[in-house]
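Descriptive structure summary
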Amino acid sequence: QVQLVESGGGLVQAGGSLRLSCAASGRTFSYYTYYTMGWFRQAAGKEREFVAAITWTGIPYYADSVKGRSTISRDRAENTVFLQMNSLKPEDTAVYYCGTTRRTAFGESNDYDYWGQGTQVTVSS
């Protein structure tokens, strides 16, 4: 099993920034070597949606809604992924989830094998 623990959420005013972190643990080194880590978010009453992902080679991918405002990065030695979010908008308000997968596809929530418990991000106007 893989355990994912997110942190860094909170309440911020529109235009502000937050840095989310997700630490992975609990599986053998072979799993960690070839995995993609992704961030999704789920607003109240809506489906979980893709935000960003980073492959094991370090290639980032972003949803159009956050492109240019967010940066995903990873510390492979610490098995941790980060999501820096700038110029936050009220529509960014959601619970943000970190997931991990060894599949080649990673843009849908059902592509992922493991999830964290989520961290709340609230952006006030």
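In short, a report on the structure. The numbering scheme is per chain: residues are counted from 1 as the chain's sequence reads. Given that the model is predicted, a residue must reach a pLDDT of at least 70 before its local features are reported, and side-chain atom pairs must reach 80 or more before they are shown or counted; all residues, however, enter totals for whole chains, interfaces and linings. The basis for every side-chain value is the complete set of non-hydrogen atoms in the structure, without hydrogens or water.

1. Quick notes on the overall build of the chain
The number of helices and strands found in the chain is one helix and eleven strands. For the chain, the sequential pattern of α-helices and β-strands runs β-β-β-α-β-β-β-β-β-β-β-β. Relative to the globule expectation of 14 Å for 125 residues, the C-alpha radius of gyration of the chain, 14 Å, shows essentially globular dimensions. With the C-alpha coordinates aligned to their principal axes, the bounding extent of the chain is approximately 45 × 25 × 25 Å. With a 1.4 Å probe rolled over the protein chains alone, any residue whose accessible area is under 20% of its type maximum counts as buried; one over 50% counts as exposed, and the rest are partly exposed. Every one of the 125 residues in the chain was classed for burial, and the buried ones make up 46%. The helix and strand labels rest on DSSP assignments: H or I over at least four residues marks a helix, E over at least two residues marks a strand, and numbering proceeds from the N terminus. Here the globule rule is a power law, 2.2 Å times the number of residues to the power 0.38, and the radius of gyration is based on C-alpha atoms.

2. Some points on the environment of Ala 44
Along the chain, the position of Ala 44 falls in the loop between strand E4 (36–42) and strand E5 (49–54). Exposure remark for Ala 44: the relative accessible area of 80% places this residue in the exposed category. Sequence separation between Ala 44 and Ala 94 is 50 residues, and the spatial gap between their C-alpha atoms is 6.9 Å.

3. Topic: the state of the cysteines
Whenever a pair of cysteine sulfur atoms sits within 2.5 Å, that pair is classed as a disulfide. Counted according to the given criterion, the structure contains one disulfide. Between the sulfur of Cys 22 and that of Cys 98 lies a disulfide, 2.1 Å long from S to S. On the sign convention where negative means left-handed, the S-S torsion of about -75 degrees between Cys 22 and Cys 98 marks this disulfide as left-handed. Residue Cys 22 is located in strand E3 (residues 18–25), and its partner Cys 98 is located in strand E9 (residues 94–101); the two are separated by 76 residues in the primary sequence.

4. A few points about the pairing of strand E7 (residues 70–75)
Residues Ser 70, Ile 72 and Arg 74 of E7 are buried on one face, while the alternating residues Thr 71, Ser 73 and Asp 75, pointing to the opposite face, are not. Bridge count between E7 and strand E8 (residues 80–85): six bridges; the pairing is antiparallel. Of the residues in E8, the one forming a bridge with Thr 71 is Gln 84. Here, strands pair whenever DSSP counts at least two bridges between them. Counting the residues in the hairpin turn of E7 and E8 gives four residues, including Asn 79, whose phi is positive at 50 degrees.

5. Focus: the pattern of salt bridges
If charged atoms from side chains of opposite charge come close, those side chains can pair. A pair is scored as a salt bridge if a Lys or Arg side-chain nitrogen falls within 4 Å of a carboxyl oxygen belonging to Asp or Glu. In the structure shown here, the tally under the stated rule is five salt bridges. With its nearest N and O atoms 2.9 Å apart, the salt bridge here joins Arg 41 to Asp 92. With Arg 41 in strand E4 and Asp 92 in the loop between E8 and E9, this pair connects stretches of sequence that are 51 residues apart. In this structure, Arg 41 and Asp 92 share a single accessibility class: buried. One continuous salt-bridge network, built from bridges that share partners, spans Arg 41, Glu 49, Arg 69 and Asp 92.

6. Some details on the nonpolar core
Nine residue types can take part in a nonpolar core, namely buried Ala, Val, Leu, Ile, Met, Phe, Trp, Tyr and Cys, and a core is a set of them joined through side-chain atoms within 4.5 Å. Core analysis: the largest hydrophobic core is formed by 31 residues, its most contacted members being Leu 4, Met 37, Trp 39, Val 81, Leu 83, Met 85 and Tyr 96. At the level of elements, E3, E4, E5, E8, E9 and strand E11 (119–124) are the ones that each hand at least two residues to this core. Per element, the largest residue contribution to this core is five residues, and it comes from E5. Two residues form a contact once any of their heavy atoms are found within 4.5 Å. Residue contacts for Val 81: discarding those within four places in its chain leaves Leu 20, Ser 21, Cys 22, Met 37, Trp 39, Ile 54, Ile 72, Ser 73, Arg 74 and Cys 98.

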